[in-house]
Amino acid sequence: MQKILLIEDDLDMQTLISDYLIKYDFEVISFEKPKEALQNLEKNTNLYDIVVLDLMLPQMDGFDVCKRIRQLSSVPIIISSARSELSDKILGFDFGADDYLAKPYEPRELVIRINAILRRSLSSAKTIGDFEIDEEKHEIKIEGLLLDLTKIEYDILHLFLQNQGKVLSRESISNSVTGIEYNSKERTIDMHISNIRQKIGDDSKDPKYIKSVWGIGYKFIG
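By the naming in an unreviewed UniProt entry, the chain is Phosphate regulon transcriptional regulatory protein PhoB, taken from Candidatus Sulfurimonas baltica. In UniProt, the chain has this text filed under Function (unreviewed entry): "This protein is a positive regulator for the phosphate regulon. Transcription of this operon is positively regulated by PhoB and PhoR when phosphate is limited."

Now the structure itself:
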């Protein structure tokens, strides 16, 4: 069952949206205070499939909430707000929203928007162990957290994930990844691997994911 995080301070509207989504087999966790919602999301970054976010909130401006959610997670965000000006919609998308639904609207339209986003997410993302690859967005997440990777780092980690358990030589990595050249003296590849290890929290001395194979290269074991 897909889980929806609903942040809406109008309790009548919160109940209306929640009850309607439940009819369509969604599990809804609702908050009227954005700081409590953010605390919950921070502890459960990979729990939710969609966030439905109002903008007119106590404690924090809805755009700041949207921005903070995007810092915590890549979970899709649908803004549900009575603020219908074009400038508000532009700001919403600038802060990381995936869709913007201006109130008033029929609850059925919200269900349609949610299902459309979920279909796109399912079609482009695939999970390998603790990692999730979204090839359309050129993104990789670990345990639900979006990794801040350069293009070369993304390509190398993607290569590892596609070749789990296989030993990859430095030369084969350089041949597979655009933008780097094999150089045994400069150890360019080793530098990129070191950066990736740091970003995924892997210890080279006791690796969980990337194991060094002496004299050859690396093997992804996670």
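Engineer: Run through the sheet that holds strand 4 (residues 77–81), naming residues and quoting values.
Structural biologist: Taken together, 5 strands build an open sheet; the order of strands is 2-1-3-4-5 and the sheet is parallel. The outermost strands of the open sheet, each flanked by one partner alone, are strand 2 (27–31) and strand 5 (99–102). Across the sheet, the mean angle from the axis of one strand to that of its neighbour is 20 degrees, orientation sign disregarded. The pairing of strand 4 with strand 5 spans 4 bridges and is parallel. Bridge pairing in strand 5 places I79 opposite Y100.

Engineer: If you had to explain the sheet that holds strand 12 (residues 217–220) to someone new, which residues and values would you point to?
Structural biologist: Ordered by their spatial adjacency, 3 strands build an open sheet running 10-12-11, and the pairing between neighbours is antiparallel. Whereas interior strands pair on both sides, the edge strands pair on one side only; in this sheet they are strand 10 (167–169) and strand 11 (210–213). Across the sheet, the axes of successive neighbouring strands diverge by a mean angle of 30 degrees, strand direction being ignored. Inspection of the sheet shows strand 10 paired to strand 12 by 3 bridges, in the antiparallel sense.

Engineer: Outline the pattern of salt bridges, supporting the account with residue identities and numerical values.
Structural biologist: Within the structure shown, the criterion is met by 15 salt bridges. Taking the shortest distance from any N to any O, the salt bridge between D61 and R83 comes out at 3.6 Å. Of the two residues, D61 is situated in the loop between strand 3 (50–53) and helix 3 (62–72) and R83 in the loop between strand 4 and helix 4 (86–94); the sequence distance between them amounts to 22 residues. With its nearest N and O atoms 2.8 Å apart, the salt bridge here joins D99 to R113. Separated by 14 residues along the polypeptide, D99 in strand 5 and R113 in helix 5 (residues 107–124) bring together distant segments of the chain. By relative accessible area, D99 is classed as buried at 15%. What you see here is one network of salt bridges that share partners, running through E8, D54 and K103.

Engineer: Talk me through the pairing of strand 11; I want residue IDs and the actual numbers.
Structural biologist: With 4 bridges joining them, strand 11 and strand 12 adopt antiparallel strand pairing. Among the inter-strand pairings, V213 is bridged to a residue of strand 12, identified as G217. The hairpin formed by strand 11 and strand 12 contains 3 residues between the paired strands, and G215 there has a positive phi angle of roughly 80 degrees.

Engineer: Lay out the side chain of S73 with the relevant residues and their values.
Structural biologist: Position of S73 among the secondary structure elements: in the loop between helix 3 and strand 4. Residue class for S73 comes out buried when judged on its relative accessible area of 3%. Within polar-contact distance, the side chain of S73 engages the backbone nitrogen of V75 at 3.0 Å.

Engineer: I'd like a description of the packing of aromatic side chains, backed by residues and values.
Structural biologist: Tallying each qualifying case throughout the model produces 7 aromatic pairs. Between Y20 and Y24 the ring centres are 5.3 Å apart and the planes differ by 35 degrees, which places this aromatic pair in the tilted class. An angle of 70 degrees between the planes, with centres 6.5 Å apart, marks the rings of F160 and Y218 as edge-to-face. One end of the pair, F160, is in helix 6 (residues 151–162); the other, Y218, is in strand 12, and 58 residues separate them in sequence. Residue classification places F160 among the buried positions, given a relative accessible area of 1%. What makes Y218 buried here is its relative accessible area of 4%. Members of the aromatic cluster, joined through ring pairs, are F131, F160, Y209, Y218 and F220.

Engineer: I'd like to hear about the nonpolar core, residue by residue, with values.
Structural biologist: F131 and L157 are the most contacted members of the largest nonpolar core, which totals 26 residues. Ranked by the residues each element gives to this core, the list is headed by helix 6, at 7 residues. Residues within four places of F131 in sequence aside, it is in contact with K126, I140, K141, I142, L147, L157, L161, I200, Y209 and F220. The next biggest cluster of nonpolar side chains, apart from the first, holds 23 residues, and it includes L5, I29, C66 and A97.

About the thresholds
Residues numbered from 1 in each chain as written. Predicted model: local features only at pLDDT ≥ 70, side-chain atom pairs only at ≥ 80, totals over all residues. Heavy atoms only, no water. UniProt positions renumbered as here; feature names shortened; annotations may be inferred. Pairing = 2+ DSSP bridges. Helix = DSSP H or I, 4+ residues; strand = E, 2+ residues; numbered from the N terminus. Axes fitted to C-alpha atoms, helices over the stretch in contact; angles between N-to-C directions. Salt bridge = Lys/Arg side-chain N within 4 Å of Asp/Glu carboxyl O. Buried < 20%, exposed > 50% of the residue type's maximum accessible area, 1.4 Å probe, protein only. Polar contact = N/O pair within 3.5 Å; in protein donor to acceptor, adjacent residues only side chain to side chain. Phe/Tyr/Trp six-rings, centres within 6.5 Å; stacked < 30°, edge-to-face > 60°. Core = buried A, V, L, I, M, F, W, Y, C linked by side-chain atoms within 4.5 Å. Contact = heavy atoms within 4.5 Å.

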